Structure formats: C-alpha cells, structure tokens
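Structural description and commentary
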Amino acid sequence: MTTTPDLSLVPPLGEPRPQPVPVAAESTLPNGLRVVVVPRPGVPLIELRLRVPFAASGAQTAHEHTARGAVLSGAVLMGTTSHDQNGIAELLQSHGAELSVSSDPDRLLLATTLLPDGLAPVLGVLAELLSDATYPDDRVEGERDRVAERIAIARSQPGVIARAALAARRYGDHPYAIALPDADLVAAVDGESLRALHRERVLPAGSTLVLVGDLDPRAVADVVADALTGWSGSGSAVEPPPATELHPSGIELVDRPGAVQSNLRLGGPAPSRTDPDLAAVRLANMIFGGYFSSRLVENIRERRGYTYSPRSSVDHQTAGSSFLVEADVATEVTGPALLETWYELGRMALTPVTEAELDGARRYILGSMALSTATHAGLASTLSALIGSGLPVDWLAEHQRALAGVTVDQVQEASQRYLASSALTAVVVGDADKVGEPLRALAPVTLGGSASA
C-alpha cells in the first residue's frame with residue numbers, strides 16, 4: 001500500500017544566508033602586477049590564479065593571435081633556461097602543485113593548488129615561466145600537432161559547430177567571433193613566434209595574481225614581491241575592444257547532411273556585472289531555462305519530450321555579456337522545438353512570473369553563489385574573474401542584496417528587453433533538406449557553411 005507523504009510536516013525553507021565579504025589585502029608591485037591575498041584558515045592549501053589579459057590587439061591579427069595563444073598555453077610549460085619540462089613538473093609536484101594554463105579571447109590564466117610551505121618555490125617556478133620560457137622548437141611542434149588534432153576533433157562536434165556559427169553571426173570581425181583557431185594558422189606556429197608573442201603580450205602591468213588560503217597577507221606580500229618583481233616587460237597587457245552585436249534577422253541554418261539531431265542556439269546581449277539590470281536578468285534567465293525547474297525544461301523536455309537538456313545562461317566576457325539558449329533536438333521536431341522556445345521567451349516578456357517562481361529562482365542563485373565560493377578553489381576562481389573585470393571583492397555581497405530586492409515587475413521588464421526573440425540571434429545546425437522548410441515557416445532562413453555529419 002502506497003501512502004502519500006504529508007508535506008505539511010516538511011519545515012519551510014529558511015532565509016538565505018548573507019554572502020560573506022572576503023577579507024582581502026591588495027597591493028601592486030613596481031612592475032604593475034596587482035596582488036590580492038585572501039586569508040582563509042582551516043584548510044592547509046593555497047589556491048593561486050594569475051590572470052594575464054590576452055586579447056587580440058585588432059581584427060586583422062585576431063585569427064593569428066588565437067592560433068598562437070592556443071599553442072602557447074600548452075607550450076609555456078615546456079622549459080626554461082634552467083629547467084626542462086620534466087624538471088618544472090617535478091618542482092611543482094614536490095609542493096603538491098600542478099600548474100594548468102588556459103587561454104580564451106580575454107585572458108591567459110595560470111592556476112594551481114599548492115601546500116602552504118611551497119608558496120615561495122612555486123612562485124619561483126612561476127617567475128621562471130613568465131620571464132624565461134624558452135619554447136623549444138621540437139616541443140612546440142609536438143604541442144602544435146596536438147592542438148591541431150584537438151581542433152579537428154572539436155570541429156566534428158555539432159555543438160561546437162553551432163557555438164562557432166552563433167559567435168561568428170553575432171560578432172562579425174570582433175575577436176569574440178573566433179570560437180576555434182584556424183587549422184592552417186595553428187600549423188604555422190613555431191617556437192620563434194611563441195617567444196615573440198610571450199615577450200609582447202605576457203606582461204605584468206594589467207595582470208592580477210589572486211591567492212586564497214591559510215595565509216598571512218603581510219608575509220605573503222614579501223614572498224610575492226621577492227619572486228615576481230623581476231617579471232618585466234614594456235607596455236600593459238591588452239584587454240579586448242568593446243563587442244558590438246550585429247543583430248542579423250531570421251535563422252542561419254548550417255547544413256549537416258544526414259544528421260538525426262538539430263542543434264538550436266540563440267544568443268544576444270545581456271547586462272554586464274556592473275549594470276543595475278543584471279540581477280533581474282539573472283532571475284529571468286533562471287525562470288526561463290536556467291535550471292531543471294525552469295519553464296523551458298518543463299515545456300520541451302518534460303511535457304513534449306523534444307530534448308533531454310535544454311538550458312539558458314547569462315555568460316560574462318570582458319568586452320560584453322550574453323544571454324544564451326541551447327537545445328539539441330531530434331531532426332523531426334526542429335521546427336516545433338524552436339517555436340516552443342520562442343513561445344516561452346514571449347511568455348516571459350508578456351506575462352508576469354509568479355512570486356513562487358521568483359522565490360525559487362532567487363534561492364537557487366543565492367545557494368549556487370554560496371556553494372561556488374565555499375571552497376578555496378571556487379573563491380579564487382570567482383575573485384580572479386571579478387577583479388579581472390575591474391570589480392571589487394565585495395561585489396558578491398552587493399549582488400546578493402540586488403537579487404534579494406528584485407520584483408516580479410522588474411523581471412518582466414528585463415525579459416522584455418533582453419529575452420525577447422527579436423533581441424536574439426538564431427542559428428540551427430541540422431540536415432537542411434529535412435529542417436529547412438519547417439524553419440522557413442517560422443522565419444526567413446539563410447544557409448550558412450556546411451558541416452559533415
């Protein structure tokens with residue numbers, strides 16, 4: 001016999017806890033490097049994040065810069081004049097560290113976790129890499145081939161094809177339009193080109209080092225200064241130019257012959273982290289498609305079975321923020337799935353959300369914020385992104401207060417401005433012979449590049 005649980009016995013949810021403001025000690029070295037130290041005792045680990053602004057300096061050089069940056073992020077660890085790749089790895093590992101390096105259109109990021117007594121030696125290794133990376137030609141060739149292979153695999157993935165097509169359609173000749181580097185340009189990268197790029201672009205002025213852990217800020221400041229003051233270079237690290245949306249109308253259809261699935265992607269501008277509209281837009285996004293209890297999931301997953309994991313998000317880059325919608329659907333329901341997605345966007349703009357929807361979305365965002373900064377690693381990564389965008393460390397607490405004050409009317413106003421289908425650029429990757437006509441019933445269709453299935 002099955003009994004229905006008595007939900008009246010479940011205690012109500014309490015009020016979200018206030019976001020604590022991290023205590024941060026900040027300083028700037030003579031070379032221009034900004035250092036932010038956040039003491040967090042209790043766990044004997046330190047999280048290190050070094051953010052170097054690393055944008056292309058102009059549209060003409062963006063493709064070449066992206067190709068070189070993709071290779072540089074792996075090749076920088078391949079040796080200095082004092083240590084080869086194995087020696088660097090051994091030095092780091094002896095202090096519980098394993099340095100990762102990544103690049104994107106905004107920045108080069110060096111990140112690691114280490115034991116507290118290893119801070120000075122690990123910073124010493126970091127200083128070697130920043131000032132004396134050699135980029136051995138033979139090792140660079142191997143890394144170049146690995147990157148080229150990785151790009152070739154990525155370009156065969158329909159989700160990557162869709163993301164690249166959307167970026168290109170939204171941003172035109174801005175560096176953000178380049179989702180993946182060109183294979184021919186990657187093949188042309190050599191050790192000399194990386195050494196030149198490093199000298200010109202891996203610069204302390206404009207860069208930020210964030211350290212979170214069981215630290216004494218005053219002692220750490222001396223250790224950092226001893227290790228990194230010698231990192232030099234003329235000029236300042238390059239931030240990307242402002243991104244301007246093109247707002248093309250209709251749908252771009254990228255043909256993928258024989259595909260059994262279509263990839264729907266919508267994207268448009270969103271408020272920056274300093275915009276007063278951000279809190280309302282984040283809540284609108286969450287209600288629309290930002291989590292499992294959202295309207296989009298309820299409609300095209302739960303009710304209609306068109307897709308497994310539709311989602312929307314608000315993403316931030318230095319030169320512009322985005323509202324994005326993604327859904328991968330069976331070919332035969334491509335048109336209906338896009339129609340229902342537009343319907344839910346219109347419903348967000350035209351009818352008020354309920355207080356229950358707003359409260360659920362607010363609690364989810366606040367809880368996610370608390371979880372994302374609960375660990376040393378999460379806090380270090382969050383602060384690196386915020387400070388790199390020019391925001392203070394107390395932005396988290398300020399944003400929490402903004403979220404708490406958003407009303408139903410503000411969510412609707414934000415939806416009308418940012419979530420309306422007319423504000424979004426649309427791309428579909430799928431079998432054009434099968435999905436072209438259903439899509440033309442919804443909007444004009446432009447054929448984009450072709451992708452193999």
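The residue numbering used here restarts from 1 in each chain and proceeds along that chain's sequence as written. Reporting of local features is limited, given that this is a predicted model, to residues whose pLDDT is at least 70; pairs of side-chain atoms are given and counted only at 80 or more, and all residues count toward the totals for whole chains, interfaces and linings. Side-chain numbers here rest on the full set of heavy atoms in the structure, without hydrogens or water.

Relative accessibility decides the category of a residue: with a 1.4 Å probe and only protein chains considered, values under 20% of the type maximum give buried, values over 50% give exposed, and everything between is partly exposed. Labels follow the DSSP assignment, with helices taken as runs of H or I lasting at least four residues and strands as runs of E lasting at least two, numbered in each case from the N terminus. With respect to burial, strand 6 (residues 208-213) is a largely interior element, six of its six residues being buried. Side chains Thr208, Val210 and Val212 of strand 6 all project onto a buried face; the interleaved residues Leu209, Leu211 and Gly213 project onto the opposite face, where all are buried too. One bridge is not enough; two strands pair if DSSP finds at least two bridges between them. Relative to strand 6, strand 2 (residues 34-39) runs parallel, the two sharing six bridges. Note on strand 6: the bridge partner recorded for Val35 is Leu209. The sheet contact formed by strand 3 (residues 46-53) and strand 6 spans six bridges and is antiparallel. Residue pairing across strands places Leu48 opposite Leu211, the latter belonging to strand 6.

The next subject is the pattern of salt bridges. Side chains that carry opposite charge are capable of pairing whenever their charged atoms lie near each other. We define a salt bridge as a side-chain nitrogen of Lys or Arg found within 4 Å of a carboxyl oxygen belonging to Asp or Glu. The final tally for this structure, using the stated rule, is 21 salt bridges. The shortest N-O distance in the salt bridge between Asp328 and Arg265 comes to 3.0 Å. Taken together, the residues span a long stretch of sequence, with Asp328 in strand 10 (residues 320-330) and Arg265 in strand 8 (residues 261-270) at a distance of 63 residues. On the basis of relative accessibility, which here comes to 25%, the residue Asp328 falls in the partly exposed class. For Arg265, a relative accessible area of 6% translates into the label buried. Put simply, Asp137, Glu192, Arg195 and Arg199 are held in one network by salt bridges that share partners.

The next subject is the sheet that holds strand 4 (residues 100-103). On the basis of which strands lie adjacent, the open sheet formed by six strands has the order 1-2-6-3-5-4 and mixed pairing. Every other strand in the sheet has two partners, leaving strand 1 (25-28) and strand 4 as the edge strands with one partner each. Strand-to-strand, the axes of this sheet are offset by a mean angle of 15°, without reference to chain direction. What counts as an axis is a line fitted to C-alpha atoms, over the stretch in contact for a helix, and the angles between N-to-C directions run from 0 to 180 degrees.

A separate point is the side chain of Arg51. With respect to the helices and strands, Arg51 occurs in strand 3. Of the residues examined, Arg51 reaches a relative accessible area of 6% and is grouped as buried. Only 3.2 Å separates the side chain of Arg51 from the side chain of Thr318, close enough to count as a polar contact. Polar contacts, as used here, are pairs of N or O atoms within 3.5 Å; protein pairs need one atom able to donate a hydrogen and one able to accept it. Residues neighboring in sequence count only if both atoms are side-chain atoms.

Right, let's talk about the nonpolar core for a bit. Nonpolar cores are built from buried Ala, Val, Leu, Ile, Met, Phe, Trp, Tyr and Cys residues. Side-chain atoms within 4.5 Å join them into one set. In terms of nonpolar packing, the biggest core is built from 53 residues, with Phe323 and Val411 touching the most fellow members. The leading source of residues in this core is helix 9 (residues 278-290), at nine residues. Val35, Ala67, Ala127 and Val147 belong to the second-largest nonpolar core, a separate cluster that totals 51 residues.

So, on to helix 3 (residues 119-132). To estimate how far a helix should reach, multiply one less than its number of residues by 1.5 Å. Spanning 14 residues, helix 3 covers 19 Å between terminal C-alpha atoms, matching the ideal 20 Å at 1.5 Å per step. Leu119, Val122, Leu123, Val125, Leu126, Ala127, Glu128, Leu129 and Leu130 are the residues of helix 3 that are buried.

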